[in-house]
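Each chain, written out:
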Amino acid sequence: AGGGDGPSTGTATHCPYCALQCAMTLDPAPGDRVPVRVTGRDFPTNRGGLCKKGWTSAELLAIPDRLTTPLVRGEDGELQETSWETALDTLAARLQELRSEHGPDAVGVFGGGGLTNEKAYQLGKFARIALRTSRIDYNGRFCMSSAAAASTRAFGIDRGLPFPLTDLDTADTVMLLGSNVGDTMPPFVSHLQGARAAGGLLVVDPRRSSTARLTEDGGGLHVQPVPGSDLPLLLGLCHIVLAERLYDSEYVAARTTGLSTLRASVASWWPERVQQATGVPAPTLRALARRLAEGRSTYILTGRGVEQHADGTDTATAAINLALLLGLPGKPGSGYGTLTGQGNGQGGREHGQKADQLPGYRKITDPEARTHVASVWGVDADAIPGPGVPAVQLLQSAGTDAGVKALLVHGSNVVVSAPNAGAARAALARLDLLVVCDFVLSETARLADLVLPVLQWAEEEGTMTNLEGRVLRRRRALTAPEGARSELWIMAELARRLDAPGTWSLDPAEVFDELARASAGGLADYSGLSHVLLDEMSERGDAAFWPFPVGSTGTQRLFDDGFAHPDGRARLVAVRRAAHRRTAAGDELTLITGRLLEHYQSGAQTRRVAELNDARPRVVAQLHPVTAADRGLTDGGLVRVSNTRGTVDAVVGMSPDIRPDTIFLPFHFADAESANLLTSDAVDPISAMPEFKTAIVRIEPIRSP
Ligand code: SF4
């Protein structure tokens, strides 16, 4: 990360990629190939710094294969250009036909955690009252659902970080579980310097990642457990904290319920048993627990590495239990949080894209919530369908008797990002109609019957909510190319053709006002906010953290005065067992997946940015030198990674930073290089999060012919 390069008078906005939402300024660059110049902007989260992806983000605005004309699949099987009028007329007619033939749930919607708050909100409304379908879910199900479920049951509310990121600056102890911020959001690392200086950066990761390396030379401790053993590890830490009376008994008595059940549930997780399950030596476990308890200012943070499992909710819950035993949440200078990944992963899960939720983070089954939201939408509560099905089920059942016959995909490249990607691709192929809204011909768009070209980040106004629950203005810096349209326009045009009730504004500020009204009284209450107020606040350097009800000034820190359960106490929830997970046997290895500095999510955007793609042009499998040598593999050679679900061919990258029983693949690559061809679509029973983070595989060298 680097600083800005001098004063700028351009458009103040935020990065198009991850949930740190680094602040940047876009200045016009007349005559240049790339239409704007990016400058890092001073802001509490990124302090003027940007990562490689941020610095090169303007390239997205100049990519040569930008879509600007709707594409329809012709009789020859090829995608061919068509007019907006024809595309939307044909689409509306086809949707009507499918609904008449099979009922409204024959049409599904798949949303995205990168959509602005306005679009996420409008998409939930569009699905429910224009399409009248319950079948809407989004790719955040693959990202934050376990952490959200765990936070909701423990605290009664889910805001990724319930405190401003700058609170971490003065911490002397920070434990990061399954998060590699050094690569995924490098400017974040500046907030870890206090903990590093105090020797209190504690990183739990099966790989010696760039973040784990920050613990070296006295910076802290890196613990390298067996992949998928995070839950036993956390049960063991809770056991030690209780057994050694390291817990904050006053806090636990005053602010939580459930201690006796929790105590019983972790009683048998003594350190030697945990050592067996995790490979982490018992003395290291004890040292970790003691360091956490000794911290003057301690934070526990989880990431996808521990959450993207079939027991992800229980694992995140165990991390929260540990934080509660230590008396961290809601105490000044300490806390628990989860690090949201996608750009609007936080806002994307608040406004109604989730199968079971209405705007304001309300349950769709709650009669009061239905009545309130219906009144904002101008319909009867009965007109809002009930809960739908979560993302994996929505995809798996596509094209079957029980599943949707048509799917509208917005801001998501599911054939790369879904687990068991080969099965997801086959499911999409069964559909009668696949519609993809995107600004590039992503791998999913390539399969579509209809592709609708949309605007991208710097071409329209909107808001995003970052990993702290801070609502940010995303601003237009340039005119969109002729032919591309906002999703708000597409939804309005379709709603009109489908004779839908309600109003369908094209103005993001108006849609935000409606969103704010719909959220009033909910957990994620935006009712006191508007684009105008957000603009004024950002001029003054003020922050807008939700909940932000009318008449308030927002809520930087949650839980200071109590938790969101009716009795104000947090719940210690007993979790006992890890999901049944077959362990690697014989010559099998455990596959783990994750991200690289140079790429974002499915890579549909970053693989089109030359500087990023040149640095990481193809998938590299990280393997321990001993493992590679055993299999006759050499650094830079080719390896075939396979299991019953699929096969990936990768370049070998030998590194002592990985356990010998483990192989790492980044998931940003497509087609035969897609790591998710190998991952499992088994899901967490509570959150429906798939088991992305461990899979059993075999490897073999690919010999040159
Ligand atoms: Fe910041 Fe994330 Fe963008 Fe990098 S990708 S500049 S860390 S918001």
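Just so it is clear, the model here is predicted, and its values are computed rather than measured. (Residues numbered from 1 in each chain as written. Predicted model: local features only at pLDDT ≥ 70, side-chain atom pairs only at ≥ 80, totals over all residues.)

Student: What's the story with the overall build of the protein chain in this structure? I'm lost.
Tutor: When its secondary structure is counted, the protein chain shows 23 helices and 27 strands. The C-alpha radius of gyration of the protein chain comes to 24 Å, within 12% of the 27 Å expected for a compact globule of 705 residues. Looking at the protein chain residue by residue over its 705 residues, the buried ones come to 59%. The long-range share in the protein chain, meaning contacts at least 24 apart out of those at least 6 apart in sequence, stands at 72%. (Helix = DSSP H or I, 4+ residues; strand = E, 2+ residues; numbered from the N terminus. Rg over C-alpha atoms; globule rule 2.2 N^0.38 Å. Buried ≥ 20, exposed ≤ 12 C-beta atoms within 10 Å, placed from the backbone. Contact = placed C-beta atoms within 7 Å.)

Student: I'm lost on the site of the ligand in this one. Help?
Tutor: Taken together, 14 residues are adjacent to the ligand, and Cys15, Cys18, Cys22, Cys51 and Gly54 come closest. Partitioned by chemical class, the residues of the shell around the ligand number ten nonpolar, three polar and one charged. Of the residues that make up the shell around the ligand, three or more belong to each of domain 1 (11-62) and domain 3 (145-338). (Near = placed C-beta within 6 Å. Nonpolar A, V, L, I, M, F, W, Y, C, P; charged D, E, K, R; others polar. Domains from an automatic or database assignment.)

Student: I'm lost on the sheet that holds strand S27 (residues 695-701) in this one. Help?
Tutor: Within a sheet, adjacent strands bond to each other through the backbone by hydrogen bonds, running parallel or antiparallel. Ordered in space as S22-S26-S23-S25-S24-S27, the six strands form a closed barrel in which the pairing is mixed. For this sheet the average axis-to-axis angle between neighbouring strands, irrespective of direction, equals 45°. Two strands pair when backbone bridges link them, and strand S22 (residues 589-594) and strand S26 (residues 662-666) are joined in this way by five bridges, in the parallel orientation. Across the sheet, residue Thr593 finds its bridge partner in S26, namely Leu665. (Pairing = 2+ DSSP bridges. Axes fitted to C-alpha atoms, helices over the stretch in contact; angles between N-to-C directions.)

Student: Where do I start with helix H19 (residues 487-497) in this structure?
Tutor: Since there are 3.6 residues in each turn of an α-helix, residues three or four apart along the chain are aligned in direction. Extensive coverage of H19 is indicated by the burial of eight of its eleven residues. Looking at H19, one finds that the buried residues are Glu487, Leu488, Ile490, Met491, Ala492, Glu493, Leu494 and Ala495. On its buried face, H19 is in contact with helix H2 (84-102), helix H3 (117-130), strand S16 (406-410), strand S17 (433-438), strand S18 (450-453) and helix H20 (508-519). Residue Asp499 follows H19 closely and has a positive phi angle near 60°.

Student: Help me understand the sheet that holds strand S12 (residues 298-302), please; the structure alone is not making it clear to me.
Tutor: With respect to topology, five strands assemble into an open sheet ordered S10-S9-S8-S12-S13, the strand pairing being parallel. Looking at strand neighbours, the two that pair on one side only are strand S10 (220-223) and strand S13 (335-338), the edges of this open sheet. Between one strand and the next, the sheet's axes are offset by a mean angle of 10°, whatever the strand orientation. Of the strand pairs in this sheet, strand S8 (residues 173-177) and S12 are connected by five bridges, and their pairing is parallel. Bridged to Leu177 within S12 is Thr302.

Student: Looking at this structure, how should I read the pairing of strand S2 (residues 23-28)?
Tutor: On any regular strand, side chains alternate: one points to one face of the sheet, the next to the other face. Both strand S1 (residues 11-14) and S2 contribute to a ladder of four bridges, which runs antiparallel. Across the sheet, His14 pairs through a bridge with Ala23, a residue of S2. In this structure, S2 lies alongside strand S3 (residues 36-40), joined through five bridges in antiparallel fashion. Paired with Leu26 across the strands is Val38, a residue of S3.

Student: Explain the domain arrangement of the protein chain to me, please; I cannot follow it from the model alone.
Tutor: Note: interface size is frequently given as the accessible area lost on complex formation between the parts. Parsing the protein chain into structural domains produces domain 1 (11-62), domain 2 (84-143 + 344-504), domain 3 (145-338) and domain 4 (589-701). Computed from C-alpha coordinates alone, the two centres of domain 1 and domain 3 are separated by 33 Å. Counting from both sides, the interface comprises ten residues of domain 1 and, opposite them, nine residues of domain 3. Classifying every residue of the side of domain 1 that touches domain 3 gives six nonpolar, three polar and one charged.

Student: Explanation requested: the environment of Ala427 in the structure shown.
Tutor: Topologically, Ala427 is positioned in helix H18 (residues 421-430). On the basis of neighbour count, Ala427 is assigned to the buried category, with 23 C-beta atoms found within 10 Å. Remark: the alpha-carbon pair of Ala427 and Ala398, spanning 29 residues in sequence, is separated by 5.4 Å. Excluding residues within four positions of it along the chain, Ala427 makes contact with Leu395, Gln396, Ala398 and Gly399.

Student: What is the right way to read the environment of Asn420 from this model?
Tutor: Note that Asn420 resides in the loop between helix H17 (414-417) and H18. Along the primary structure Asn420 and Gln396 are separated by 24 residues, whereas in three dimensions their C-alpha atoms are 9.7 Å apart.

Student: Explain the packing of helix H8 (residues 230-243) against helix H11 (residues 271-278) here, please?
Tutor: To describe two helices that pack against each other, one gives the angle between their axes and the distance between the axes. At their nearest, the axes of H8 and H11 sit 9 Å apart, and the two run at 165° to each other. The orientation of H8 relative to H11 falls into the category roughly antiparallel. Once H8 is placed against H11, the crossing between them reads as left-handed. In this structure, H8 contributes Pro232, Leu233, Gly236 and Ile240 to the contact, and H11 contributes Pro271, Val274, Ala277 and Thr278. The residue makeup of the contact of H8 with H11, split by class, is six nonpolar, two polar and no charged. (Parallel < 35°, antiparallel > 145°, perpendicular 65-115°, else oblique. Left-handed = near helix turned anticlockwise from the far one by under 90°.)

Student: Explain unusual backbone geometry to me, please; I cannot follow it from the model alone.
Tutor: The phi angle of most residues is negative, glycine excepted, and most peptide bonds adopt the trans form. Going from Trp546 to Pro547, the amide bond is cis rather than trans, its omega being -5°. Looking at where Pro547 falls in the secondary structure, it is placed in the loop between helix H21 (531-540) and strand S21 (570-571). The backbone phi angle of Asp217 is positive, close to 55°, even though this residue is not glycine. Structurally, Asp217 is set in the loop between helix H7 (210-213) and S10. On the neighbour-count criterion, Asp217 (9 C-beta atoms within 10 Å) is exposed. Residue Asn420 is not a glycine yet carries a positive backbone phi of 50°.

Student: Any chance you could explain the pairing of S17 here in plain terms?
Tutor: Most of S17 is tucked away: six of the six residues are buried. A two-sided burial pattern is seen for S17, the buried positions comprising Leu433, Val435 and Cys437 on one face and Leu434, Val436 and Asp438 on the other. The pairing of S17 with S18 spans four bridges and is classified as parallel. Of the residues in S18, the one forming a bridge with Asp438 is Pro453.

Student: It is not clear to me how the confidence of the model for the protein chain should be interpreted in this structure. Could you clarify?
Tutor: Any region with low pLDDT has predicted coordinates that should not be read closely. For the protein chain, mean pLDDT is 95; residues scoring 70 or higher make up 98% of the total. Every residue in residues 1-6 is under pLDDT 50, and counting partners more than four places away or in other chains gives 16 contacts. The ipTM for the predicted assembly is 1.00, set against a pTM of 0.96. (pLDDT = per-residue confidence, 0-100.)

Student: Please explain the environment of Thr184 as it appears in this structure.
Tutor: Mapped onto the elements, Thr184 comes out in helix H5 (residues 181-184). Residue class for Thr184 comes out buried when judged on the 26 C-beta atoms lying within 10 Å of it. Here the alpha-carbon distance between Thr184 and Ala19, two residues 165 residues apart in the chain, equals 9.9 Å. Residues contacting Thr184, with those up to four places away along its chain left out, are Cys18 and Arg595.

Student: In this structure, what is going on with the packing of H3 against H19? I would like to understand it.
Tutor: At a closest axis distance of 10 Å, the pairing of H3 and H19 adopts a crossing angle of 15°. The orientation of H3 with respect to H19, classified from their angle, is roughly parallel. Once H3 is placed against H19, the crossing between them reads as left-handed. The segment H3 lies against H19, with Glu118, Lys119, Gln122, Phe126 and Ala130 engaging Glu487, Leu488, Met491, Leu494 and Ala495. Residues belonging to the contact of H3 with H19 are distributed by class as follows: six nonpolar, one polar and three charged.

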